[in-house]
Amino acid sequence: MTAPSQVAYNDVLRVWREADSIPQIEHAWLFDHLMPIFGDPNGPTFEGWTLLSALAAQTERLRLGLMVTSNRFRPPAMLAKIAATVDVISGGRLEFGIGAGSRPDVPLARREYEAHGLPFHDAAHAVASLAEACTIIRRLWTETVPFDFQGDYHQLTGAFCSPKPVQRPHPPIMIGGQATPTLRVVAEHADRWNMPGGGIDNAIARNTTLDRLCAEIGRNPAEITRSIVLPASYDRPDDTRHAIRAALDGGFSHIVLGLGAPYPVEVARWVADTFVGPFLTRAETPDHRLQRNGGGVAAPEPRNRR
């Protein structure tokens, strides 16, 4: 995961192109914010779906998506059209991530709504709107004739999406979040669930809650892939490896490693050798110590490149 903030486009493109050539790395992600939520509050932040479309055209293999789209930013029918376009451009590689949107207790995330003239409703409104949006988006991707939708939060007349996504019946739907109301939406609508952070113990507890909510509506919990975001530490890689092991043991099979900027030279190769390789094989791993060069970070050439 490369947060498209406080970085240049060419830096993100470099990492994604490199990752695209490394089979051990299966997917790549951006986030969905319109202004910085860390670092210089007036620094650059790229719009996620526009950037994702560009990166889809510049890669060939990686599955790709936003971790996760804020349902507060775009009307669901417009979002369905945008996502279908990216799936077509990528040749069917989109992972459709969506969530209720930023929490009101994060000031740097809250300000982007007022700055862009977007309404910011309370959490209950946001979650209920998300549930309707998931229904609308799935219908737009799969139904072959226009339809009307009259919900409490969204109303559509003659809704239709063409072209459809390449993937059938539709791209995988990943819903991110950890609050119980959001997990109810996950249980009903998601193919994958992403735990955005908060520590392994909390993630495992939330995972158990999701199992219970699935049981309440008669859904098999095993139908939902469990995903988690973990920071990839350049200085303390053992900490990241231990977190990955704990996540895997806790039932999370879809691991997203967040990369900090500035991105090291050959950082995707370093990630594959340092964090992915040890869990694919039990063979001796190469020396993964990072070398500092003039303020940047460079990864040495691995001894046993596979």
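Residues numbered from 1 in each chain as written. Predicted model: local features only at pLDDT ≥ 70, side-chain atom pairs only at ≥ 80, totals over all residues. Heavy atoms only, no water.

Draft legend 1. Broad picture of helix 9 (residues 267-280). For helix 9, spanning 14 residues, the distance from its first C-alpha to its last is 19 Å, which sits close to the expected 20 Å at 1.5 Å a residue. For helix 9, the principal kink sits at D273 and spans about 30°. With respect to burial, helix 9 is a largely interior element, 12 of its 14 residues being buried. Those residues of helix 9 lying buried are V267, A268, R269, W270, V271, A272, D273, T274, F275, V276, G277 and P278. (Helix = DSSP H or I, 4+ residues; strand = E, 2+ residues; numbered from the N terminus. Expected span 1.5 Å × (residues − 1). Bend = angle between axes of the 7 residues up to and from the residue. Buried < 20%, exposed > 50% of the residue type's maximum accessible area, 1.4 Å probe, protein only.)

Draft legend 2. How the structure looks around the pairing of strand 10 (residues 254-258). A large share of strand 10 lies buried, amounting to five of its five residues. Because side chains alternate across strand 10, one face comprises the buried residues H254, V256 and G258, and the other comprises I255 and L257, equally buried. Pairing analysis gives five bridges linking strand 9 (residues 225-231) to strand 10, with the strands arranged parallel. Residue I228 lies in a different strand from strand 10, and its bridge partner there is I255. Since strand 9 and strand 10 lie parallel, the crossover through helix 8 (residues 237-249) that links them has a hand, and here it is right-handed. (Pairing = 2+ DSSP bridges. Right-handed = clockwise from strand over helix to strand, strands pointing away.)

Draft legend 3. Here's a closer look at the environment of R93. Locating R93 in the fold gives a position in the loop between helix 3 (76-90) and strand 4 (96-99). Residue classification places R93 among the buried positions, given a relative accessible area of 6%. Sequence separation between R93 and P172 is 79 residues, and the spatial gap between their C-alpha atoms is 9.6 Å. A polar contact is formed between the side chain of R93 and the backbone oxygen of L62, at a distance of 2.7 Å. (Polar contact = N/O pair within 3.5 Å; in protein donor to acceptor, adjacent residues only side chain to side chain.)

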